[in-house]
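Examination of the molecular architecture
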Amino acid sequence: MNSRVLLLAVGVLVLALGIGFMVYEQDNSAPVTPIPGSTETPPSVVNPAEAKVKDMALGNPMSQVQVVEYASFTCPHCASFHNNAFKPLKENYIDTGKIRFVFREVYFDQFGLVASMIGRCSGDSEDYFNFVDKVFGQQQQWMASRDGNTILNELVTLGKSVGLSDEQLQACLSDDAKSERLINWYQQNAKADGIRSTPSFVVNGKLMSNMSFEEFAKVLDKELGL
């Protein structure tokens, strides 16, 4: 893809990001307890105006245990969770149909938004989670450069590795209306669920901080009545 087009796309996204952010911490090492002020209501649902934004989910939609993760593609602790705890979580709880797992992006910067735009490009959940695996698995490599164009090209390369064409990528990254919808959607959900750090998890309405697989398994087993 033409680098000039890529830079223009990032410029559009940066302008979209200018509509405002909430303040979060990316470094989360708090104990595994519900965050003060959380409620045991179901995860928030976006209003009809934002209905075009699809929740990316895995697992059993009818499960009694609903898990929502809030994560940033540029957050090292989010990458650590996905490269370690998420794998046995998926094998033991998601793929077995015990839980439904929803992944919601948090946008700290333009590159987290770019990654989201690329991941959502095809609209297919399987493509999306394949891309998520690659982004977190190679986070140190693609974030190593301080040059914005280099980082963007790295993300585009990851997009191509999951089957996206130059034409698809250009169309997705130039869609400023979609980027604005995504930002509004993320802000509404994050505010409703009280998200202040990443990764954070909403388990059947209870807000929790980052945790190991072993800690997560205890939480889920309790919700499952095991």
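Residues numbered from 1 in each chain as written. Predicted model: local features only at pLDDT ≥ 70, side-chain atom pairs only at ≥ 80, totals over all residues. Heavy atoms only, no water.

Quick notes on the nonpolar core
In a soluble, globular protein the nonpolar side chains are often hidden away together inside. By size, the foremost hydrophobic cluster in this structure holds 66 residues, and its most contacted members are Leu-89, Ile-118, Leu-155, Val-203, Phe-216 and Leu-220. Ignoring anything within four residues of it in the chain, the contact list for Leu-155 reads Phe-111, Val-114, Ala-115, Ile-118, Phe-131 and Trp-142. (Core = buried A, V, L, I, M, F, W, Y, C linked by side-chain atoms within 4.5 Å. Buried < 20%, exposed > 50% of the residue type's maximum accessible area, 1.4 Å probe, protein only. Contact = heavy atoms within 4.5 Å.)

Describing the environment of Ser-209
As for its placement among the helices and strands, Ser-209 is situated in the loop between β5 (206-208) and α10 (213-224). The class of Ser-209 is buried, set by a relative accessible area of 2%. (Helix = DSSP H or I, 4+ residues; strand = E, 2+ residues; numbered from the N terminus.)

Digging into the pattern of salt bridges
Summed over all chains, the structure comprises six salt bridges. Here Lys-90 makes a salt bridge to Asp-95, at a shortest N to O gap of 3.0 Å. Residue Lys-206 is joined to Glu-223 by a salt bridge in which the shortest nitrogen-to-oxygen separation is 2.1 Å. Highlighted residues: Lys-206 in strand β5 and Glu-223 in helix α10, separated in sequence by 17 residues. Across the pair, Glu-223 and Lys-206 agree in class, each one buried. Connected through salt bridges with shared partners, the residues Asp-55, Arg-104 and Asp-193 form a single ionic network. (Salt bridge = Lys/Arg side-chain N within 4 Å of Asp/Glu carboxyl O.)

Looking at the sheet that holds strand β1 (residues 56-59)
Backbone hydrogen bonds are what pair the strands of a sheet, in a parallel or an antiparallel way. Judged by pairing direction, the sheet is mixed, and its five strands sit side by side in the order β1-β3-β2-β4-β5 without closing on themselves. Of all the strands in the sheet, the pair left with one neighbour each is β1 and β5. For this sheet, the mean angle separating the axes of adjacent strands, direction not counted, is 20°. Pairing between β1 and strand β3 (residues 99-105): four bridges, direction antiparallel. Residue pairing across strands places Ala-57 opposite Val-102, the latter belonging to β3. (Pairing = 2+ DSSP bridges. Axes fitted to C-alpha atoms, helices over the stretch in contact; angles between N-to-C directions.)

Concerning the packing of helix α2 (residues 76-83) against helix α3 (residues 86-94)
The contact between α2 and α3 brings their axes to 5 Å, and the two run at 45°. When the axes of α2 and α3 are compared, the pair comes out oblique. Contact residues: α2 offers Phe-81, His-82 and Asn-83, while α3 offers Phe-86, Lys-87 and Leu-89. Tallied by class, the residues present in the contact of α2 with α3 amount to three nonpolar, two polar and one charged. (Parallel < 35°, antiparallel > 145°, perpendicular 65-115°, else oblique. Nonpolar A, V, L, I, M, F, W, Y, C, P; charged D, E, K, R; others polar.)

Remarks on the side chain of Arg-120
Here Arg-120 shows up in the loop between α4 (110-119) and α5 (125-137). In this structure Arg-120 comes out as buried when scored by relative accessible area, which is 5%. Once residues lying within four places of it in the same chain are set aside, the contact partners of Arg-120 are Val-53, Lys-54, Met-56, Glu-105, Tyr-128, Lys-178, Leu-182 and Trp-185.

Structural notes on the confidence of the model for the protein chain
Close inspection of predicted coordinates is inappropriate in any region flagged by low pLDDT. Chain-level statistics for the protein chain give a pLDDT mean of 82 and a share of 77% at 70 or above. Within the model, pLDDT remains below 50 along residues 12-44, and this stretch shows 87 contacts once partners closer than five positions in the same chain are excluded. Across residues 46-51 the pLDDT falls below 50, and counting only partners more than four positions away or on other chains, this stretch makes eight contacts in the model. (pLDDT = per-residue confidence, 0-100.)

Description of the pairing of β3
Extensive coverage of β3 is indicated by the burial of six of its seven residues. Summarising the sheet, strand β2 (residues 65-71) and β3 pair through seven bridges and their orientation is parallel. Bridge pairing links Val-67 to Phe-101 in β3.

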